[in-house]
Amino acid sequence: MEERIVAPDPVTDPQGYQQALLDLLGERDPVDVLATTPEVIEDTTAELDLAVLQKRPEANEWSAEEILGHIFDAEIVYAFRWRIIVAQEGIHYPGYDQDAWTQLPRPPFPELLAAFASLRRANICLIEEVPSDQYGRTGHHAERGPESFDLSIKVVAGHDLAHLKQLEQTLAAVRA
């Protein structure tokens, strides 16, 4: 089986990581990707019991539930970043330790998916309602440097695609 997610490390190679996500997105419409991700996760995990969703394929790999937790964490982070870029252009914002965040308490998978879907809908509304002439507004990411609103939308869409692939492969591995 191929490795479940392959990307440069976001901390040690932030530019390479960003480019890998943009390459994965390719010519796809990032807003379409973002809008459909909650439904794809729901369809992919429908009728699976919690034991399957919580099973790790390998000791050092995330379970489906942990993948969703990470996607949810990223959504929280980008909900803040997008708003701060649009409202306070040029501001610096921190990176975050995704591994430390995976240790935080979370609700059970169905509740977490509902929370993610709700937050994502709010973020899609923001993206769609921000005037296109503001898409070039930038913030300053602590690890990647200047990042425009437009670029960050594309990065998150690529991030979704990477983790949707990881989710599919993880479920295939734990169900085998």
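Rules of the game
Residues numbered from 1 in each chain as written. Predicted model: local features only at pLDDT ≥ 70, side-chain atom pairs only at ≥ 80, totals over all residues. Heavy atoms only, no water. Helix = DSSP H or I, 4+ residues; strand = E, 2+ residues; numbered from the N terminus. Patch = residues over 30% accessible without salt bridge, like charges linked within 9 Å, V, L, I, M, F, W, Y side chains within 5 Å. Areas by Shrake-Rupley, 256 points an atom, 1.4 Å probe, with all protein chains shown as cover. Salt bridge = Lys/Arg side-chain N within 4 Å of Asp/Glu carboxyl O. Lys, Arg positive; Asp, Glu negative; His and termini not counted. Charge placed at Lys NZ, Arg CZ, Asp CG, Glu CD. Core = buried A, V, L, I, M, F, W, Y, C linked by side-chain atoms within 4.5 Å. Buried < 20%, exposed > 50% of the residue type's maximum accessible area, 1.4 Å probe, protein only. Axes fitted to C-alpha atoms, helices over the stretch in contact; angles between N-to-C directions. Parallel < 35°, antiparallel > 145°, perpendicular 65-115°, else oblique. Contact = heavy atoms within 4.5 Å. Pairing = 2+ DSSP bridges.

> Explain unusual backbone geometry to me, please; I cannot follow it from the model alone.
Trans is the prevailing form of peptide bonds, just as negative phi is the prevailing case for residues other than glycine. One non-glycine residue, Glu47, adopts positive backbone phi at about 65°. As for its placement among the helices and strands, Glu47 is situated in the loop between helix H2 (30-45) and helix H3 (50-54).

> How do you make sense of a negative patch on the surface when you look at a structure like this?
A contiguous patch of negative charge, built from Asp9, Asp13, Asp97, Asp99 and Glu143, is present on the exposed surface. Considering the arrangement of structural elements, one finds Asp97 in the loop between strand S1 (92-93) and helix H5 (98-101).

> How should the nonpolar core be read in this particular structure?
The nonpolar side chains of soluble globular proteins are, as a tendency, buried together. Of all hydrophobic cores here, the largest spans 27 residues; its most connected members are Leu34, Tyr78, Trp82, Ile127, Phe149 and Ile153. Among the secondary structure elements, those contributing two or more residues to this core are helix H1 (14-25), H2, helix H4 (64-87), helix H6 (109-129) and helix H7 (149-175). Among the nonpolar cores identified, the runner-up in size contains 17 residues, and Leu48, Ala64, Phe109 and Leu113 belong to it.

> Quick question: what am I supposed to make of the packing of H4 against H7 here?
Working note: a packed helix pair is described by the angle between its axes plus the distance between those axes. H7 packs onto H4 with a crossing angle of 175° between their chain directions and a minimal axis gap of 10 Å. Taken together, the axis directions place H4 and H7 in an arrangement best described as roughly antiparallel. The segment H4 lies against H7, with Ala64, Ile67, His70, Ile71, Ala74, Glu75, Tyr78, Trp82, Ile85 and Val86 engaging Phe149, Ser152, Ile153, Val155, Val156, His159, Asp160, His163, Gln166, Leu167, Thr170 and Leu171.

> Please explain the sheet that holds strand S2 (residues 138-141) as it appears in this structure.
Two orientations exist for strands paired in a sheet by backbone hydrogen bonds: parallel and antiparallel. As summarised here, the arrangement of the 3 strands in space is S1-S2-S3, forming an open sheet in which the pairing is mixed. Among the strands making up the open sheet, the edge pair consists of S1 and strand S3 (145-148). Where S2 lies against S3, 4 bridges are found, and the strand directions are antiparallel. From the neighbouring strand, His141 faces S3, where its bridge partner is Gly145.

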